[in-house]
Amino acid sequence: MIRLRQVALVAHDLADVVSELCDTLGLTVCFNDPGVGEFGLHNALMVIGDQFLEVVSPTKPDTAGGRLLEKRNGDGGYMAIYEVDDLDDRLEHLAAHDTRIIWAGDFPTIRGRHLHPRDVGGVIASLDQPIPQGSWTWAGPTWQPNQDGTVVAAIAGVTVGAVDPDAMSARWQELGLRTAVRFVSAAERGEGLDGVDLVASDRDRVGEAHRIGGVTFTLV
């Protein structure tokens with residue numbers, strides 16, 4: 001099993017982007033994870049159904065998030081995080097296809113691996129196996145009471161810009177990652193996660209598009 005569970009953005013101003021997301025999409029912050037301090041970041045997570053939208057922002061120089069802000073000339077997409085139930089098998093497959101791990105975490109309630117973006121393409125992809133399945137440690141202990149489907153009910157998928165969309169799509173397929181993602185030609189900002197599709201609770205709002213934090217959120 002593999003499913004898109006969390007999408008992360010990186011922004012210069014965490015509070016401004018989070019406020020706009022909450023106001024526009026009816027979201028509520030469910031957790032600020034102190035663990036991201038390991039990466040020189042602070043963050044906020046918002047719950048959408050049982051999936052999550054995260055915004056991170058650098059708190060010190062020379063972080064991966066800060067370098068991406070410079071490379072893409074501003075806020076934008078950062079990570080696509082997938083829940084799996086067979087992490088060890090997938091890691092063997094990734095190793096056999098020359099995919100490096102840039103971060104590994106093994107905790108009592110979740111195990112995760114961040115994959116090198118140069119080996120995958122487009123974004124930092126992560127494979128995470130929660131214990132038990134369906135839980136999500138990264139979102140804190142009280143995310144369920146913060147569920148509010150008034151405006152959006154789920155994250156349907158992400159759009160990734162690529163210099164060669166067909167080649168990147170084939171690589172994701174080879175690695176077993178091509179789930180809830182589509183690839184389009186990269187625009188002037190270069191390769192990266194540029195769009196998120198959200199399932200609209202109010203079907204009259206289908207088709208709305210909102211540009212927030214350098215990412216286009218489309219209600220589908």
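Summarised in this report is the structure supplied together with it. (Residues numbered from 1 in each chain as written. Predicted model: local features only at pLDDT ≥ 70, side-chain atom pairs only at ≥ 80, totals over all residues. Heavy atoms only, no water.)

1. Some remarks on the pattern of salt bridges
And step 1. For the structure on display, the rule yields 12 salt bridges.
And step 2. Arginine 3 is paired through a salt bridge with aspartate 50; the nearest N and O atoms lie 3.0 Å apart. Here arginine 3, found in strand 1 (residues 2-10), pairs with aspartate 50, found in the loop between strand 3 (41-48) and strand 4 (51-58); they are 47 residues apart in sequence, far enough to count as distant.
And step 3. Between arginine 205 and glutamate 208 there is a salt bridge, with its nearest N and O atoms 2.9 Å apart.
And step 4. Arginine 205 gets classed as partly exposed once you look at its relative accessible area, which sits at 23%. (Salt bridge = Lys/Arg side-chain N within 4 Å of Asp/Glu carboxyl O. Helix = DSSP H or I, 4+ residues; strand = E, 2+ residues; numbered from the N terminus. Buried < 20%, exposed > 50% of the residue type's maximum accessible area, 1.4 Å probe, protein only.)

2. A few points about the nonpolar core
And step 1. Ranked by size, the top nonpolar core spans 48 residues in total, and within it Val7, Leu21, Leu53, Val55, Trp172, Val196 and Phe217 carry the most contacts.
And step 2. Here this core gets 6 residues from one element, more than from any other, and that element is helix 1 (residues 14-25).
And step 3. With 21 residues, the next largest nonpolar core counts Ala8, Ile81, Trp103 and Trp143 among its residues. (Core = buried A, V, L, I, M, F, W, Y, C linked by side-chain atoms within 4.5 Å.)

3. Thoughts on the pairing of strand 5 (residues 76-84)
And step 1. When you tally the buried positions in strand 5, you get 9 out of 9 residues, the bulk of the element.
And step 2. Alignment of strand 1 against strand 5, held across 8 bridges, turns out to be antiparallel. Counted as the bridge partner of alanine 8 is methionine 79 from strand 5.
And step 3. Sheet analysis places strand 5 next to strand 8 (residues 124-130), joined by 5 bridges and oriented parallel. Looking at strand 8, one finds that tyrosine 82 is bridged to leucine 127. (Pairing = 2+ DSSP bridges.)

4. Examining the sheet that holds strand 2 (residues 29-31)
And step 1. What the 8 strands build is an open sheet, ordered 2-3-4-1-5-8-7-6; its pairing is mixed. Only two strands of the sheet have a single partner each, and these edge strands are strand 2 and strand 6 (101-107). Put simply, the sheet's adjacent strands are angled 25 degrees from each other on average, direction ignored.
And step 2. The pairing of strand 7 (residues 110-115) with strand 8 spans 5 bridges and is antiparallel. Following the sheet pairing, isoleucine 110 is matched in strand 8 by proline 130.
And step 3. Against the sheet, helix 2 (residues 64-71) touches strand 1, strand 4 and strand 5, its axis set at about 135 degrees to strand 5. (Axes fitted to C-alpha atoms, helices over the stretch in contact; angles between N-to-C directions. Contact = heavy atoms within 4.5 Å.)

5. Some remarks on the sheet that holds strand 12 (residues 209-212)
And step 1. The mixed open sheet is built from 5 strands, whose spatial order is 10-9-11-13-12. Every other strand in the sheet has two partners, leaving strand 10 (181-185) and strand 12 as the edge strands with one partner each. Each adjacent strand pair in this sheet contributes to an overall mean axis angle of 25 degrees, direction not counted.
And step 2. In this structure, strand 9 (residues 152-162) lies alongside strand 10, joined through 5 bridges in parallel fashion. Across the sheet, glycine 161 pairs through a bridge with valine 184, a residue of strand 10.
And step 3. Helix 1 contacts strand 9, strand 11 (192-200), strand 12 and strand 13 (215-219) of the sheet and is inclined by roughly 165 degrees relative to strand 12.
And step 4. Its contacts with the sheet place helix 5 (residues 165-174) against strand 9 and strand 10, and it is angled at close to 155 degrees to strand 10.

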